[in-house]
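Geometric and topological summary
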2 protein chains.
Amino acid sequence: MTNMEDSSVKFLSKVFDLLNDGDVFDSSDKCDSEKSMIDFRHPSELKKLIPFSLTDNIETQHDDDEIEKLCRDVIKFSVKTNNRNCHNQLFGGLNFYGLGAEWMTSALNTSQYTYEMAPVFTLIEEAVVNMSLQLFGFKNGDGILCPGGSTSNMYGIHTARQSKYPETRLKGNPEGLVIFTSEDAHYSILKGATFLGIGTKNLIAVKTNESGQMDVDDLEMKINDSIKNNLKPFLVNATCGTTVLGAFDDLNKIADVCERYNLWLHVDACLGGSAIFSRKHKHLLNGCERANSISWNPHKTMGVPLQCSLFMINQKGILHECNSSSATYLFQQDKFYDTSYDTGDKSLSCGRKVDAFKFWIMFKKHGMIGFEAMIDNAFEKASYFADQVKSREGFELVVPIQYTSICFYYVPEYMRKQEQRDETWWKGMSKVTAFIKEQMVMNGNLMLGYSPLASKNLGNFFRMVVTCQPLATYESMDFVLNEIEKIARKFEFHDHF
Amino acid sequence: MTNMEDSSVKFLSKVFDLLNDGDVFDSSDKCDSEKSMIDFRHPSELKKLIPFSLTDNIETQHDDDEIEKLCRDVIKFSVKTNNRNCHNQLFGGLNFYGLGAEWMTSALNTSQYTYEMAPVFTLIEEAVVNMSLQLFGFKNGDGILCPGGSTSNMYGIHTARQSKYPETRLKGNPEGLVIFTSEDAHYSILKGATFLGIGTKNLIAVKTNESGQMDVDDLEMKINDSIKNNLKPFLVNATCGTTVLGAFDDLNKIADVCERYNLWLHVDACLGGSAIFSRKHKHLLNGCERANSISWNPHKTMGVPLQCSLFMINQKGILHECNSSSATYLFQQDKFYDTSYDTGDKSLSCGRKVDAFKFWIMFKKHGMIGFEAMIDNAFEKASYFADQVKSREGFELVVPIQYTSICFYYVPEYMRKQEQRDETWWKGMSKVTAFIKEQMVMNGNLMLGYSPLASKNLGNFFRMVVTCQPLATYESMDFVLNEIEKIARKFEFHDHF
């Protein structure tokens, strides 16, 4: 046991109280307390409140009271993402069992590369991967936890390339590699096309229908075009849960096309993958077992603390083929234990943060049944929210609800009368949405993302995100719409816009 | 404040005690307590002690007592990396102020992409980056925190390619791209050459001298060869603190070559960068200000909790040129605040873990002076250790000490007499080293890495790593050599090998 007189250990023992005092754990039902989520300050203002600089007074050593004061201010001016009205991102509140496990992980401060350094965490990652493979129907698969969904998606491109053009590893990209993804897909595919040296012009955007699902006929046409042009199509990226509209591509239809043209099917299920836990909603992912690889972020809908992202692949060995470097200082083959448990050589990175334990503890606590109930509740409350949007005056859905996020407009009274929704109307709508968002943040008790959608020529609308944590209620759904109405009543929009 | 009756919050409040009971924070001076660092179990054995599987009994929901029991076992069988005798990796113990900040970071559970979601952490990252740029002499630079040194090094390749061949972003890699790095460089450069589609054959290994430093004449010759062969050399990766020997390449000499041939100079200072804090030792990094980009992992020598890795670049704007995707749902240009603070668009990933706060709090606590004292102590104790190796019978340095890691052999008595160090001798040496390592782990009170070194035709030797945390002492240095002697006395090596 530790010498508690050591001031640094004393500081550590206070962290829980600092956070608790700062309402970081508060997810109570009282929805309307002021500034409960964010006390927003502009950068110039915040810089006056907290001494950020590390280049002024570099010799200063702060004592423990001063460090505590700094921490209190960091907490005070940070967003309380666990507040039940934080719907700004695709992640929301977090699960406290997961958080406890994350704290243990960082205290045990190790890297996931060898069994020697992470015996327990190696077997925990194996268990999390195996559970995930089983859920998604990969019978002889492999997997790895990655630092975020973008990296997982890039693993998808990487393994696809390795599988279809294995000489790439030695020689570099062959000319003419082509990737297909929908125009509503996540931008990490674009970043990946750049980073992996494939080029943005070789990322072909496939049209989407009104709901944001990939138009599979357009896909096939574009594949044929690329073949005619002597290009090398090798990968289709399908999306389960698009970032903005929450659309699910039809995996079976896309898998048919991929089989016909011998293309790798990667499924970006970073957002929508969590539906797999629900017997009622997992049909959204029908066909995922036909994919070659899948990305899934339990840190989004499930509330696993950031970061927890899985890359799964329906084939053993290829992760090694892609990434093995057999560094002899780390992966010695004359070790005294079974070195097949040294997973580092199938990873793109060397040191790798342990991200599996928090998800594992949550699973042990809640079980499949618990997860299913959380997911079903998120769907149900999201659906209730969508119904409210439809029935309340001035609110409008952008598209019918597809996942647990809801895209909607608030249309001010004077704009409702206008029959023609012309460019001026949409410009006004964009301003109204951005303005209401600003008011929310300044009020400090509600955060909601907004977005235009270029692929559909739509101006700014709100994206309401419902996640598993804290458990959404009818009341917390109503609160969002009530607050928007309150802001609308306060400002007379025809005067402003 | 939180309702403490909530069982999940109760669990969280117990985490400190669970860790403290499990001796995770113990870095006391008593060096020899048994199994104080690791109670090693082989995978098959460990699987009997902890119910890892998530696919058996998937409906089971564990109650809080059972969860607590699982956590105690996870802690019990994990490596106590903060133990003062854990010298196995380039990271060692951790700083508890840093850990406290990491706990706050994960409780505040946010992503570093927008100012809106991470106002305080955005300005903290800015402060950490600015301090680092100043330290390394980048006058008009930019930087970003990355999930590990491999990613930082890949950013180096990525930005170099963007700078020298900007059409790559659109068109993909041009044919013939060539990278130079020393044969002792970290394997992330190899992984990067694969991942970024450049190809391993286009990664040219430059010879190193006996100490492991890049042979700059060989570099220049190989650059000339590649030009003669109509290839496109664009990047030299130099290393400050090689993984095994801790060698520092001569940056000024390499910078001269890079200037002559108009090549990007990336410096992998992931390990050795921390010497920058010491007036006495920072000369090792002389010339770093002439680099185009630098990677540095404060999570190694400095004891910042994993992960904390910086990528720095001596030029503004290029991170945006590389990575910008202008996703309109996240980086809306009609936001009400100064969106230049939305750093996400210069990142390769979308969501990005906050890794700056822990380093920032450590800096606030210890200041430059504190960091310098820690680094100087690590150098001093490492040097003492090297002296002990030289003076103790049976111990031998592999190369003179260059950083705070020391490579050495223990030569059993019967092998000392043999004059000719032939292949059989080296094979024996490799076995002895691996065997001693096994004994250490089984004893559970000491961990030390070992490695062969192909570039020098050397068999297994030990790599002793001294870091800043917990503060190394003469006693803790002696302990390592004493333990090896104890193991050697116990086993009569001539019988075994």
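Residues numbered from 1 in each chain as written. Chains lettered and ligands numbered in written order. Predicted model: local features only at pLDDT ≥ 70, side-chain atom pairs only at ≥ 80, totals over all residues. Heavy atoms only, no water.

Topic: helix 1 (residues 7-21) of chain B
Along an α-helix, residues three or four positions apart point the same way, because every turn accommodates 3.6 residues. Rules: Counting from the N terminus, the helices are DSSP H or I runs at least four residues long and the strands are E runs at least two residues long. To estimate how far a helix should reach, multiply one less than its number of residues by 1.5 Å. In this scheme, the bend at a residue equals the angle between the axes fitted to the seven residues that finish there and the seven that begin there. In this scheme, a residue with accessible area under 20% of its type's maximum is buried, one over 50% is exposed, and one in between is partly exposed, where area comes from a 1.4 Å probe on protein chains only. Contact between two residues is taken to exist if any of their heavy atoms lie within 4.5 Å; hydrogens are not considered.
The end-to-end C-alpha separation of helix 1 of chain B is 21 Å, in line with the 21 Å expected for 15 residues at 1.5 Å each. Along helix 1 of chain B, the helix axis deviates most sharply at Lys14 of chain B, where the bend reaches about 40°. What helix 1 of chain B keeps buried is the set Ser8, Val9, Phe11, Leu12, Val15, Phe16, Leu18, Leu19 and Asn20 of chain B. Those residues of helix 1 of chain B that are buried are in contact with helix 1 (7-21) and helix 4 (96-108) of chain A together with helix 3 (64-76) and helix 4 (96-108) of chain B.

Brief notes about the relation of the copies chain B and chain A
Two chain copies here: they are related by a rotation about an axis and a translation along the same axis. Worth spelling out the cut-off: Here the copies are superposed with least squares, the fitted atoms being C-alpha atoms of residues at a pLDDT of at least 70 in both.
Once turned by 180° and shifted 0.0 Å along the axis, chain B lies on chain A with an RMSD of 0.0 Å. Expressed as an axis order, the relation between the two copies is that of a two-fold axis. Residue Leu196 of chain B, judged by its C-alpha, is the member of chain B lying nearest the rotation axis, at 2.0 Å. When you check the interface residues of chain B against chain A, 100% turn up at the interface there too, and the contact is symmetric in its surfaces.

Quick notes on the interface of chain B and chain A
Applicable threshold: A 1.4 Å probe defines the accessible area here, and the buried area is the portion of it lost by two parts on being joined, summed over both. Salt bridges are counted wherever a side-chain nitrogen of Lys or Arg sits within 4 Å of a carboxyl oxygen of Asp or Glu. Under the rule applied, a polar contact is a pair of N or O atoms within 3.5 Å (in protein, one hydrogen donor and one hydrogen acceptor; residues adjacent in sequence only if both atoms are side-chain atoms).
Contact residues are listed per partner, giving 156 residues for chain B and 156 residues for chain A. Where chain B abuts chain A, roughly 14000 Å² becomes buried across the two surfaces, and 66% of that area is made up of carbon and sulfur atoms. In this assembly, chain B and chain A are joined by six salt bridges. Taken together, chain B and chain A are joined by 69 residue pairs in polar contact (both at pLDDT 80 or more). Ranked by the residues each element gives to the side of chain B that touches chain A, the list is headed by helix 1 of chain B, at twelve residues.

Here we look at the pairing of strand 2 (residues 142-146) of chain A
Residue and element names in this part refer to chain A. To keep it simple, the criterion reads: Think of it this way: DSSP has to see at least two bridges between two strands before they count as a pair.
The element strand 2 is largely enclosed, with a buried count of five among its five residues. With burial as the criterion, each face of strand 2 is covered, one bearing Asp142, Ile144 and Cys146 and the other bearing Gly143 and Leu145. Pairing analysis gives five bridges linking strand 2 to strand 8 (residues 309-313), with the strands arranged antiparallel. Following the sheet pairing, Ile144 is matched in strand 8 by Phe311.

What to know about unusual backbone geometry
In this model, Leu306 of chain B is joined to Gln307 of chain B through a cis peptide bond whose omega is -5°. With an omega of -20°, the peptide bond running from Gln469 of chain B to Pro470 of chain B counts as cis. One non-glycine residue, Asn457 of chain A, adopts positive backbone phi at about 55°. Within the secondary structure, Asn457 of chain A is located in the loop between strand 11 (447-453) and strand 12 (458-465). The phi torsion at Asn230 of chain B lies on the positive side, around 60°, for a residue other than glycine. Within the fold, Asn230 of chain B resides in the loop between helix 9 (216-228) and strand 5 (232-239). Among the residues examined, Asn230 of chain B registers a relative accessible area of 67% and is labelled exposed.

Here we look at the UniProt feature "modified residue: N6-(pyridoxal phosphate)lysine" (unreviewed entry) in chain A
Residue and element names in this part refer to chain A. Rules: UniProt positions are given in the numbering used here, feature names are shortened, and annotations may be inferred rather than shown by experiment.
Here, UniProt's "modified residue: N6-(pyridoxal phosphate)lysine" (unreviewed entry) annotation points to Lys300. Relative to the helices and strands, Lys300 resides in the loop between strand 7 (293-296) and strand 8. Not counting the four nearest positions on each side in its chain, Lys300 is found in contact with Leu90, Phe91, Gly92, Cys270, Leu271 and Thr467.

Looking at the domain arrangement of chain A
Bring the parts together and some accessible area is lost; that lost area is often taken as the interface size. Residues and elements named next belong to chain A. What counts, and what does not: Start and end positions for the domains come from either an automated domain assignment or a database one. Three residue categories are used. Nonpolar comprises Ala, Val, Leu, Ile, Met, Phe, Trp, Tyr, Cys and Pro, charged comprises Asp, Glu, Lys and Arg, and polar comprises the others, including Gly.
You can read the domains of chain A as domain 1 (1-38 + 79-108 + 359-497) and domain 2 (111-353). The distance between the C-alpha centroids of domain 1 and domain 2 comes to 28 Å. In total, domain 1 and domain 2 occlude about 3300 Å² of area from one another, counting both sides; carbon and sulfur atoms represent 70% of this. The tally of links between domain 1 and domain 2 comes to three salt bridges. The closest approach of N and O atoms between Lys353 and Glu102, which form a salt bridge, is 3.0 Å. The interface formed by domain 1 and domain 2 holds twelve residue pairs in polar contact (both at pLDDT 80 or more) in total. Residue assignment for the side of domain 1 that touches domain 2 shows that the elements contributing at least two residues are helix 4, helix 12 (357-391), strand 10 (405-410), strand 11 and strand 12. With ten residues, the top contributor of residues to the side of domain 1 that touches domain 2 is helix 12. For the side of domain 1 that touches domain 2, the class distribution of residues is 20 nonpolar, twelve polar and five charged.

A few points about the nonpolar core
Condition: For the purposes of this section, nonpolar cores are sets of buried Ala, Val, Leu, Ile, Met, Phe, Trp, Tyr and Cys residues that join through side-chain atoms within 4.5 Å.
Phe277, Phe357 and Trp360 of chain A together with Phe277, Phe357 and Trp360 of chain B are the most contacted members of the largest nonpolar core, which totals 316 residues. Broken down by element, this core gets its largest block of residues, 17 residues, from helix 12 (residues 357-391) of chain B. Apart from the residues lying within four places of it in its own chain, the contact partners of Phe277 of chain A are Met131, Leu135, Trp296, Met302, Phe359, Phe363, Met368, Phe371, Glu372 and Ile375 of chain A. One finds Ile318 and Leu319 of chain A together with Cys146 and Leu196 of chain B within the second-largest nonpolar core, a separate group that totals 46 residues.

Some remarks on the packing of aromatic side chains
The test is simple: Put simply, two rings from Phe, Tyr or Trp (the six-membered ring, in Trp's case) pair if the centres are within 6.5 Å, and we call them stacked under 30 degrees between planes, edge-to-face over 60, tilted for the rest. Charge-over-ring placement is defined geometrically: NZ (Lys) or CZ (Arg) within 6 Å of the ring centre, and within 35 degrees of the ring normal.
With the rule as written, the count across this model stands at 68 aromatic pairs over all chains. The interplanar angle of 50° and the centroid separation of 6.4 Å between the aromatic rings of Tyr329 of chain A and Tyr187 of chain B together place this pair among those described as tilted. Pair noted here: Tyr329 of chain A is in the loop between helix 11 (318-323) and helix 12 and Tyr187 of chain B is in the loop between strand 3 (177-182) and helix 8 (188-195), and the two residues belong to different chains. Each member of the pair, Tyr329 of chain A as well as Tyr187 of chain B, is classed as buried. With a centroid separation of 5.8 Å and an interplanar angle of 55°, the aromatic rings of Phe277 of chain B and Trp296 of chain B are classed as tilted. Of this pair, Phe277 of chain B sits in the loop between strand 6 (264-268) and strand 7 (293-296) while Trp296 of chain B is found in strand 7, placing the two residues 19 residues apart along the sequence. Of the two residues examined, Phe277 of chain B and Trp296 of chain B, each falls in the buried class. Here the aromatic cluster, defined as three or more aromatic residues joined through ring pairs, consists of Phe16, Phe25, Phe96 and Trp103 of chain A together with Phe16, Phe25, Phe96 and Trp103 of chain B. In this arrangement the basic side chain of Lys381 of chain A is found over the ring face of Tyr474 of chain A, its NZ or CZ atom lying 4.5 Å from the centre.

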